[in-house]
Amino acid sequence: MTETPRNEDDHIADARARLVEAALPHVAFDGWSQQTLNMAVNEAGVDRALADLAFPRGGVDMALAFHRLKDAEMVGVLSTAGLDTMRIRDRVTFCVRRRIELVADEREAVRRGATLFAVPTNAADGARALWETADKIWTLCGDTSTDYNWYTKRMILSGVYSSTILFWLGDQDPDAHATWGFLDRWIDNVMQFEKAKAAVKGNPLGRAATALPEAILGMIRAPGVR
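This text gives an overview of the structure that appears in the document. Quick caveat: nothing in here was measured; it's all calculated off a predicted structure. (Residues numbered from 1 in each chain as written. Predicted model: local features only at pLDDT ≥ 70, side-chain atom pairs only at ≥ 80, totals over all residues. Heavy atoms only, no water.)

**Side note on the overall build of the protein chain**
We apply this condition: Comment: elements are numbered from the N terminus, with helices defined as DSSP H or I runs of at least four residues and strands as E runs of at least two. Whether a residue is buried, partly exposed or exposed follows from its accessible area with a 1.4 Å probe, protein chains only, as a fraction of its type maximum: under 20%, in between, or over 50%, in that order. Contacts were defined at the residue level, with two residues in contact if any of their heavy atoms lie within 4.5 Å. Accessibility throughout is a Shrake-Rupley quantity obtained with a 1.4 Å probe, and a residue counts as covered only by protein chains that appear here.
Secondary structure summary: the protein chain contains ten helices and zero strands in total. Reading the secondary structure of the protein chain in the N-to-C direction produces α-α-α-α-α-α-α-α-α-α. Evaluated residue by residue, the protein chain yields a buried proportion of 39% over its 226 residues. Put simply, 67% of the contacts in the protein chain that link residues at least 6 apart link residues at least 24 apart. Just so you have it, the protein chain exposes about 12,800 Å², and 58% of that area is on carbon and sulfur atoms.

**Looking at the packing of aromatic side chains**
Operational definition: Here a pair means two rings of Phe, Tyr or Trp (six-membered ring of Trp) with centres within 6.5 Å. Their orientation is stacked below 30 degrees between planes, edge-to-face above 60, and tilted elsewhere. In this scheme, the term charge over a ring applies when either NZ of a lysine or CZ of an arginine sits within 6 Å of the ring centre and within 35 degrees of the ring normal.
This model, assessed by the stated rule, comprises five aromatic pairs. Seen in terms of ring centroids, tryptophan 131 and tryptophan 150 are 6.1 Å apart; in terms of plane orientation they differ by 50 degrees. Their pairing is tilted. Separated by 19 residues along the polypeptide, tryptophan 131 in helix α7 (residues 123–140) and tryptophan 150 in helix α8 (residues 148–169) bring together distant segments of the chain. Looking at tryptophan 131, the relative accessible area reads 28%, which means it is partly exposed. Each ring, one from tryptophan 150 and one from tyrosine 151, has its centre 4.8 Å from the other, and the planes form 75 degrees; the classification is edge-to-face. The exposure class assigned to tyrosine 151 is partly exposed, which follows from its relative accessible area of 29%. One residue, arginine 107, lies across the ring of tryptophan 168, its end atom 4.2 Å from the ring centre. Over the aromatic face of tryptophan 138 sits the side chain of lysine 153, whose NZ or CZ is 5.1 Å from the ring centroid.

**What about helix α5 (residues 88–101)?**
Stated formally: Under the convention used throughout, the expected extent of a helix is 1.5 Å for every residue step, that is, one less than its residue count.
Here α5 spans 20 Å end to end across 14 residues, near enough to the 20 Å set by a 1.5 Å rise per residue. Those residues of α5 that fall on the buried side of the exposure criterion are Arg89, Arg91, Val92, Thr93, Cys95, Val96, Arg99 and Ile100.

**With respect to α7**
Between its terminal C-alpha atoms α7 stretches 26 Å, which fits the 26 Å expected from 18 residues at 1.5 Å a residue. Those residues of α7 that sit buried are Asp125, Gly126, Ala129, Thr133, Ala134, Ile137, Trp138 and Leu140.

**Here's the deal with the packing of α5 against α8**
Quick reminder of the rule: To define axes, lines are fitted to C-alpha atoms, for helices over the stretch in contact only, and angles between the resulting N-to-C directions are given on a 0 to 180 degree scale. Working definition: roughly parallel below 35 degrees, roughly antiparallel above 145 degrees, roughly perpendicular at 65 to 115 degrees, and oblique for all remaining angles. Should the near helix be turned anticlockwise from the far one by less than a right angle, the crossing is termed left-handed; should it be turned clockwise, right-handed. For this scheme, ten residues count as nonpolar: Ala, Val, Leu, Ile, Met, Phe, Trp, Tyr, Cys and Pro. Four count as charged, namely Asp, Glu, Lys and Arg, and the remainder, Gly too, count as polar.
Orientation of α5 relative to α8, taken along the N-to-C sense of each, is 45 degrees, at an axis distance of 11 Å. By the angle class used here, α5 and α8 are oblique. When the axes of α5 and α8 are compared, the crossing they make is right-handed. Facing α5, whose interface residues are Val92, Val96, Arg99 and Ile100, α8 presents Leu157, Tyr161, Thr164, Ile165 and Trp168. A breakdown of the residues in the contact of α5 with α8 according to their chemical character gives seven nonpolar, one polar and one charged.

**As for the environment of tyrosine 151**
Within the secondary structure, tyrosine 151 sits in helix α8. In sequence terms tyrosine 151 and aspartate 135 are 16 residues apart; their C-alpha atoms lie 9.2 Å from each other.

**Thoughts on the pattern of salt bridges**
Applied cut-off: Every case where a carboxyl oxygen of Asp or Glu lies within 4 Å of a side-chain nitrogen of Lys or Arg is listed as a salt bridge.
This structure, assessed with the given rule, holds 17 salt bridges. Where aspartate 125 meets arginine 128, a salt bridge forms, and the shortest distance between an N and an O atom there is 3.1 Å. Separated by three residues within a single helix, aspartate 125 and arginine 128 lie in helix α7, roughly one turn from each other. What you see here is one network of salt bridges that share partners, running through Arg57, Asp61, Asp125 and Arg128.

Now the structure itself:
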């Protein structure tokens, strides 16, 4: 069978993965920095010009690549995890927990990334990465919303995930029992909000009060939906 020819994007994607892998041992000491990238280029044997194409902004792009590689790994792992047999609450909890477990051996890389994206000039990139993770989790969980709920679900889950990651970074327990308890409480709070919203909508006065805001928000559609 004839193999599909590899294009420039394929070579750049391979370079990103190789460079991130080479960078990880250095991130704990030098962060997601240009210095770390330079060492990764030397150790991975990647052409300098190709490395510059892969990470034009240096450490920031390298940290984003690490995050997205782990997102892709999560999708691969969870696509066959039988999520459709779980309640929606359990699906979301399971996905968030599994996503964190996938970086358990790279805690310092995550910590350095959180510090990097806390810098105001990088905050938008960090928020976008969190949104992408939340979107992938909701997609894995079978979300089919196309109205404003598409946005609110991802916004809320971005907050759940980021808060849980920050808690996990300070959790010294190797089994992270406190982190999983924190996650469960967060999800419980979200579910209570959904129950309260349903109760309001079940009340005639509540329906009247929320009709206009929902009509306005209902004009919002998920990307690609007309």
